[in-house]
Amino acid sequence: MKTLMKYVLLTQLCTVAVAGQALKKPDDGSISIEQGLKSWAKIYDVVSHPRCVNCHVGSDNYPMWSGPSYGKTRRHGMNINAGNSRMGVESVMCSTCHTATTSEAAHGAPGVKASWRLAPVAAAWFGKSSDEICQQLRDPNRNGNRSFEDVAAHLNHDVILHWAWQPGGKREPAPYSLDEHVNDIMSWGWAGVPCPSDSDEALTEDITNE
Amino acid sequence: MQITVNGVQHEIDVEDDMPLLWVLRDELKLTGTKYGCGIAQCGVCTVHMDGLAVRACQLRAGDAQGRQITTIEGLGTPEALHAVQDAWIEHQVAQCGYCQSGQIMSVASFLKFKPNPTDEEIDFALSSNLCRCGTYPRIREAVKTAAAKLRGEV
């Protein structure tokens with residue numbers, strides 16, 4: 001546990017540098033599977049939050065409106081469909097309303113200094129369980145051929161993701177913080193990217209060895 | 001700041017975060033672009049930025065600097081209407097007319113990507129431009145005519 005905290009602290013200090021600087025990997029096994037699963041649970045709290053999941057939708061290409069601001073879950077209003085382009089080229093570009101600036105007004109359009117768009121279909125998370133998303137995120141064939149370090153680095157440089165923690169107006173931000181989320185991904189990764197449905201045997205063995 | 005609207009460069013003294021819609025209507029007196037909801041939900045304030053539809057109520061004046069803004073006044077001329085404007089007159093689309101400049105600007109942008117749209121595609125594209133008079137059937141027909149005109153078929 002001390003090792004984990006040491007490296008969590010290290011990543012806290014070096015979060016911005018994750019993309020460009022190789023962090024010292026902790027000793028093999030120093031971050032337990034159990035701890036990795038705890039980190040994963042926090043990661044799931046983030047990736048299943050409306051600020052993230054409303055745009056991580058499936059191949060029907062409908063963005064969603066869900067979360068405290070909307071009462072009940074529904075598709076994005078105005079019959080908006082982002083199309084196979086995932087950015088609305090086929091009908092209404094997301095950028096028509098989602099500009100470089102977030103509207104602070106209730107139900108105004110949020111925006112970032114990047115192209116507003118849906119996440120790829122391979123990263124469809126809306127309505128998915130913790131284990132389903134975990135399996136997807138650790139599978140290079142479905143996560144954009146990324147290692148867990150790459151996933152963490154991706155969070156650092158993609159400003160549309162940063163918006164989730166600074167959504168503006170009265171929108172509820174994603175839980176924890178960007179730094180903490182990156183740390184959780186690193187911890188999860190160094191623990192061997194465990195998922196909830198992994199065999200209980202491995203977890204038992206890991207706990208026994210502690 | 002300098003802002004280019006309908007090919008004309010203007011020097012204006014406004015805050016960076018003033019909505020483009022305010023600049024157009026209050027500073028430049030281009031009142032063809034209308035105010036509706038102010039939160040990007042109705043589409044009446046639609047203009048083009050570098051040829052693509054944007055909601056003028058959402059766009060900060062500062063973000064429009066260095067870009068080409070086109071309003072309904074600059075889409076065509078009385079002597080040479082844009083194909084969408086021409087089709088709108090042909091189908092007598094407007095009832096009260098308040099939403100129509102936004103509708104036309106949205107369609108002109110949409111047809112650049114979809115030169116031969118289906119009914120479903122038109123419905124998707126125009127659902128974000130509200131018409132309280134319910135002129136949607138005429139809008140759909142006018143879009144098809146405009147598309148045919150732009151394809152050079154009529």
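Residues numbered from 1 in each chain as written. Chains lettered and ligands numbered in written order. Predicted model: local features only at pLDDT ≥ 70, side-chain atom pairs only at ≥ 80, totals over all residues. Heavy atoms only, no water.

(A) Broad picture of the side chain of His181 of chain A. Residue and element names in this part refer to chain A. Examined against the element boundaries, His181 turns out to sit in helix α7 (residues 178–190). Residue classification places His181 among the buried residues on the basis of a relative accessible area of 4%. Apart from residues no more than four positions distant in its own chain, His181 is found in contact with Ile43, Val46, Val47, Leu155 and Trp165. (Helix = DSSP H or I, 4+ residues; strand = E, 2+ residues; numbered from the N terminus. Buried < 20%, exposed > 50% of the residue type's maximum accessible area, 1.4 Å probe, protein only. Contact = heavy atoms within 4.5 Å.)

(B) Representation of the domain arrangement of chain B. Residue and element names in this part refer to chain B. The domains assigned to chain B are domain 1 (2–75) and domain 2 (83–150). Computed from C-alpha atoms alone, the centre-to-centre distance between domain 1 and domain 2 is 21 Å. Contacts between the two partners involve 19 residues from domain 1 and, on the opposite side, 15 residues from domain 2. Overall, the association of domain 1 and domain 2 removes approximately 1,400 Å² of surface from exposure, summing both partners, and the carbon and sulfur fraction of that is 58%. If you sort the residues of domain 1 by the area they bury against domain 2, Val44, Ile72 and Leu75 come out on top, with a joint share of 32%. The interface formed by domain 1 and domain 2 includes zero salt bridges. One can count eight residue pairs in polar contact (both at pLDDT 80 or more) joining domain 1 with domain 2. Listed by contribution, the elements that provide at least two residues to the side of domain 1 that touches domain 2 are β3 (46–49), β4 (52–55) and α3 (72–75). When its residues are assigned to classes, the side of domain 1 that touches domain 2 shows eight nonpolar, nine polar and two charged. (Domains from an automatic or database assignment. Buried area = accessible area lost by both parts, 1.4 Å probe. Salt bridge = Lys/Arg side-chain N within 4 Å of Asp/Glu carboxyl O. Polar contact = N/O pair within 3.5 Å; in protein donor to acceptor, adjacent residues only side chain to side chain. Nonpolar A, V, L, I, M, F, W, Y, C, P; charged D, E, K, R; others polar.)

(C) Focus on the nonpolar core. The biggest cluster of nonpolar side chains holds 29 residues, and the ones touching the most others in it are Trp40, Trp125, Leu137, Trp165 and Trp188 of chain A. Elements represented by at least two residues in this core include exactly α2 (33–47), α3 (50–53), α4 (130–137), α5 (148–157) and α7 of chain A. With six residues, the single largest contributor to this core is α7 of chain A. Sequence-distant contacts of Trp125 of chain A, defined by excluding residues within four places in its chain, comprise Val47, Val53, His56, Ile133, Gln136 and Leu137 of chain A. Listed in part, the 22 residues of the second largest apolar core include Ile12, Leu30, Val47 and Met49 of chain B. (Core = buried A, V, L, I, M, F, W, Y, C linked by side-chain atoms within 4.5 Å.)

(D) Fine view of a nonpolar patch on the surface. Side chains of Trp22, Tyr35 and Tyr98 of chain B sit close together on the surface and give an oily, nonpolar patch of about 300 Å² of accessible area. With respect to the helices and strands, the residue Tyr98 of chain B is situated in the loop between α4 (83–90) and α5 (100–113). (Patch = residues over 30% accessible without salt bridge, like charges linked within 9 Å, V, L, I, M, F, W, Y side chains within 5 Å. Areas by Shrake-Rupley, 256 points an atom, 1.4 Å probe, with all protein chains shown as cover.)

(E) Quick peek at α4 of chain A. Extensive coverage of α4 of chain A is indicated by the burial of six of its eight residues. Buried within α4 of chain A are the following residues: Ser130, Asp131, Ile133, Cys134, Gln136 and Leu137 of chain A.

(F) Spotlight on the packing of α5 of chain B against helix α6 (residues 119–126) of chain B. All names here are of chain B. At a closest axis distance of 10 Å, the pairing of α5 and α6 adopts a crossing angle of 130°. On the basis of their axis angle, the class for α5 and α6 is oblique. Considering the relative orientation of α5 and α6, their crossing is right-handed. Contact residues: α5 offers Gln103, Val107 and Phe110, while α6 offers Glu121, Ile122, Ala125 and Leu126. (Axes fitted to C-alpha atoms, helices over the stretch in contact; angles between N-to-C directions. Parallel < 35°, antiparallel > 145°, perpendicular 65-115°, else oblique. Left-handed = near helix turned anticlockwise from the far one by under 90°.)

(G) Local environment of the interface of chain A and chain B. On the chain B side, the residues contacting the 24 residues of chain A number 19 residues. Across the chain A/chain B interface, buried area totals approximately 1,700 Å², and carbon plus sulfur atoms make up 61% of it. Our count for the chain A to chain B interface comes out at zero salt bridges. Inspection of the region where chain A meets chain B yields seven residue pairs in polar contact (both at pLDDT 80 or more).

(H) How the structure looks around the state of the cysteines. With the rule as written, the count across this model stands at one disulfide over all chains. One disulfide in the model links Cys134 of chain A with Cys195 of chain A; its S-S distance is 2.0 Å. Disulfide Cys134 of chain A to Cys195 of chain A: torsion about the S-S bond roughly -90°, handedness left-handed. Of this pair, Cys134 of chain A sits in helix α4 while Cys195 of chain A sits in the loop between α7 and α8 (200–209), and the two are 61 residues apart along the sequence. When sorted by exposure, Cys134 of chain A lands in the same class as Cys195 of chain A, which is buried. As a non-bridged cysteine, Cys97 of chain A has Cys57 of chain B as the owner of its nearest cysteine sulfur, 7.6 Å distant. Cysteine Cys96 of chain B shares no disulfide, and the gap to the nearest cysteine sulfur, in Cys133 of chain B, comes to 3.7 Å. The exposure class assigned to Cys96 of chain B is exposed, which follows from its relative accessible area of 58%. (Disulfide = S-S within 2.5 Å.)

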